[in-house]
Amino acid sequence: KNNVNIKEIGPGMAGADSDDSLYPIAVLIDELRNEDVQPPLQSLATVEETVVRDKAVESLRKISHEHSPVDLEVHFEPLVKRLASGDWFTSRTSACGLFSVCYPRVSSTVKAEIRQHFRTLCSDDTPMVRRAAASKLGEFAKVLELEYVKSDIISLFTALASDEQDSVRLLAVEAGVSIATLLPQEDLEALVMPTLRQAAEDKSWRVRYMVADKFSDLQKAVGPEITKNDLVPAFQNLLKDCEAEVRAAAANKVKEFCENLPEDSRETIIMTHILPCVKELVSDTNQHVKSALASVIMGLSTILGKDNTTEHLLPLFLAQLKDECPEVRLNIISNLDCVNEVIGIRQLSQSLLPAIVELAEDAKWRVRLAIIEYMPLLAGQLGVEFFDEKLNSLCMAWLVDHVYAIREAATCNLMKLVEKFGAEWAQNTIVPKVLGMANDPNYLHRMTTLFCINALSEVCGQEITTKHMLPVVFKMSNDQVANVRFNVAKSLQKIGPVLDSNCLQTEVKPVLEKLASDQDMDVKYFAQEAISVLHIFSFCCVLYMNASACLLHTGSIDGQYIEKLINCRAS
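A quick note: this is a predicted structure, and the numbers were derived from the prediction, not measured. Every chain begins its residue count from 1, and numbering advances along the sequence as written. Totals for whole chains, interfaces and linings use every residue, but because this is a predicted model, local features are given only for residues with pLDDT of at least 70 and side-chain atom pairs only at 80 or more, for both listing and counting. Only heavy atoms go into the side-chain values, all of them from the structure, while hydrogens and water stay out.

If you look at the biggest cluster of nonpolar residues, it comprises 185 residues, and the most contacted ones within it are Ile179, Val254, Ile297, Ile333, Trp398, Leu492 and Val508. In DSSP terms, a helix is any run of H or I states spanning at least four residues, a strand is any run of E spanning at least two, and both are numbered starting from the N terminus. Of all the elements, helix α24 (residues 365–382) adds the most residues to this core, at nine residues. For this analysis, residues touch if any pair of their heavy atoms sits within 4.5 Å. Once residues lying within four places of it in the same chain are set aside, the contact partners of Ile297 are Val278, Val282, Leu316, Phe317, Gln320 and Ile332. In this description, a nonpolar core means a group of buried Ala, Val, Leu, Ile, Met, Phe, Trp, Tyr and Cys residues linked to one another through side-chain atoms lying within 4.5 Å. Residue exposure (1.4 Å probe, protein chains only): buried if accessible area is under 20% of the type maximum, exposed if over 50%, otherwise partly exposed.

Here is the structure:
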């Protein structure tokens, strides 16, 4: 636009007016000015770096939608052909992602050429190209006419699913699921199922893993009859597979598979074919398999109902609650709401408590953290009496854990428990124990008291905060440890909005002013910050009260008040 010349800003030039960072832009301008145009996205789609190629293809797919059908045939489709017939495999892999975006809007003659190019790439000598073709086979099938899906795509699918490279065969599995959704029910058995049955028994565990991972999608695509006749036996085999990765992938799909079974025969199939496999997986030698199963098995209770859950599933839940792997126990506990809906949680409570205690005291802090996050859910399902008797002490013990993340999570946990059980329960049960920690010899525990007060003040309300918590905060302003004192300032700032304006002026402000003259710089800083914030808050309160009074008596607000309110909001 400004007649920039590449010679004028070549690399390495010194001087105030030159900048090496402009050199690439100058190169681009020079190339675009050249009469011999080579589209830059085509060039980028052929480079060795996979990330660059993928981004180039993504951009080409986007701009294809901006072409008219005529321009698509004149400009875009020739580009796809050039990529598809390129010497380097990189260009041919990129071409695989472009067929589906141009096919629907070109003439029948060009469509035939595109189908031929795709067939060629599916049998390319380079495995990377065949992988790319297999990954886009399902997408390409969706834009083809049904007759060509049957005549062209099925043969390509069969060939790719029998490829010598397992990395190609596993990608064909996903394509098979997409193709199955396109075909009429009467064609599925003959055209797709033989290949998918072969994939489910493939010699490579990676292919079988992909079948297990896509099993629910496949089940929805083929319908109830094929599910009963073909997929149930295949799913049983995957649950019994010799490779743990395949068993784990299949176990993860147990609930979804059972939910999608035909309703008229669902219970019979589960009890006869699926449950025996599930029982074996409960005691599997691989912890990942057991963990995957534990994350979904509780969902079977809503499918099988109360009687079957009590008789057949409950023993499995109890066994998993005693499993040596903490992830298994955590996954069971995290899904207790499913069982609670069907049989109630009381039948699990005796086994539940030891499992929770073990997890709460686990040597790995991440395990302790996970059980804390589930505690509000457990509390709601077990009830306040059971919680106070069995679990309250655990929640308080977490407040003095040696890991900060645990103490922080325990503080949030208390707030959620108060939201569930109410402020009165907190006043009688939690608040006294929290405030008692203010006298703990360990300053970290004293600081945890302040963190708890910050959280609890929001849910306990003004009365409990003012009457019980605030005096303790004032007392801690004289703590010998500076970290505690500046956290007192932060706490007073945090709980200030809960308190009334009179309390802020007569009680809180003098304490903050005292801290503002503290010898420690950090204490001074946070005290001064708290004073400023609370001053603005108090000013806001006065303004809004006056504005409300004006509205109440006159039905309007003076312009000066509006200006002050706007400035106050900005502050």
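Let's pick the thread back up.
We now examine the environment of Asn340. Topologically, Asn340 is positioned in helix α22 (residues 336–342). Measuring from C-alpha to C-alpha, the distance between Asn340 and Met298 comes to 9.9 Å, with 42 residues separating the pair along the chain. When near neighbours in sequence (up to four residues on either side) are disregarded, Asn340 contacts Ile345 and Gln381.

With that settled, consider the packing of aromatic side chains. Planes of paired rings set the category: under 30 degrees apart is stacked, over 60 is edge-to-face and the rest tilted, where pairs are Phe, Tyr or Trp rings (Trp by its six-membered ring) whose centres lie within 6.5 Å. What the rule picks out here adds up to 13 aromatic pairs. An angle of 35° between the planes, with centres 4.5 Å apart, marks the rings of Phe118 and Phe140 as tilted. In this pair, Phe118 is assigned in helix α7 (residues 108–122) and Phe140 in helix α8 (residues 127–143), connecting sequence segments 22 residues apart. Under the relative-accessibility criterion, Phe140 is labelled buried at 2%. An aromatic cluster is defined as three or more aromatic residues linked by ring pairs; in this entry it consists of Phe99, Tyr103, Phe118 and Phe140. Ring-over charges, as used throughout, are those where CZ of Arg or NZ of Lys falls within 6 Å of the ring centre and within 35 degrees of the ring normal. The ring of Tyr148 has Arg115 sitting right over it, with the charged end atom 3.5 Å from the ring centre. Cation over ring: Lys490 sits above Phe526, and NZ or CZ is 5.0 Å from the ring centre.

This part is about the environment of Val57. Relative to the elements of secondary structure, Val57 occurs in helix α3 (residues 50–64). By relative accessible area, which is 11% here, Val57 ends up buried. Separated by 16 residues in sequence, Val57 and Leu41 place their C-alpha atoms 7.8 Å apart. Discounting residues that sit within four places of it in the chain, Val57 has contacts with Ser94, Gly97 and Leu98.

With that settled, consider the pattern of salt bridges. By definition, a salt bridge exists where a carboxyl oxygen of Asp or Glu is found within 4 Å of a side-chain nitrogen of Lys or Arg. With the rule as written, the count across this model stands at 29 salt bridges. Residue Arg247 is joined to Asp284 by a salt bridge in which the shortest nitrogen-to-oxygen separation is 2.9 Å. Within this pair, whereas Arg247 is found in helix α16 (residues 244–251), its partner Asp284 is found in the loop between α18 (266–282) and α19 (287–294), the two being separated by 37 residues in sequence. Asp284 carries the same exposure label as Arg247, and that label is buried. With a shortest N-O distance of 3.3 Å, Lys494 and Glu458 are connected by a salt bridge. Here Lys494 is found in helix α30 (residues 482–495), whereas its partner Glu458 is found in helix α28 (residues 443–460), with 36 residues between them in sequence. Look at Lys494 and you get partly exposed, because its relative accessible area is 43%. Through salt bridges that share partners, Lys55, Glu58 and Lys62 make up one connected network.

Looking now at the environment of Arg266. Tracing the sequence through the fold places Arg266 in helix α18. Its relative accessible area of 21% is what places Arg266 among the partly exposed residues. Spatially, the C-alpha atom of Arg266 lies 8.9 Å from that of Leu304, the residues being 38 residues apart in sequence.

Okay, the side chain of Ser301 next. Residue position: Ser301 is located in helix α20 (residues 300–321). N or O atoms closer than or at 3.5 Å make up a polar contact, with two conditions inside protein: a donor-capable atom paired with an acceptor-capable one, and, for residues adjacent in sequence, both atoms drawn from side chains. Polar contacts involving the side chain of Ser301 include one to the main-chain carbonyl oxygen of Met298, which spans 2.6 Å. With near-sequence residues (within four places) excluded, Ser301 lies in contact with Thr309, Leu313, Cys338, Val339 and Val342.

These figures come from the coordinates and say nothing about function on their own.
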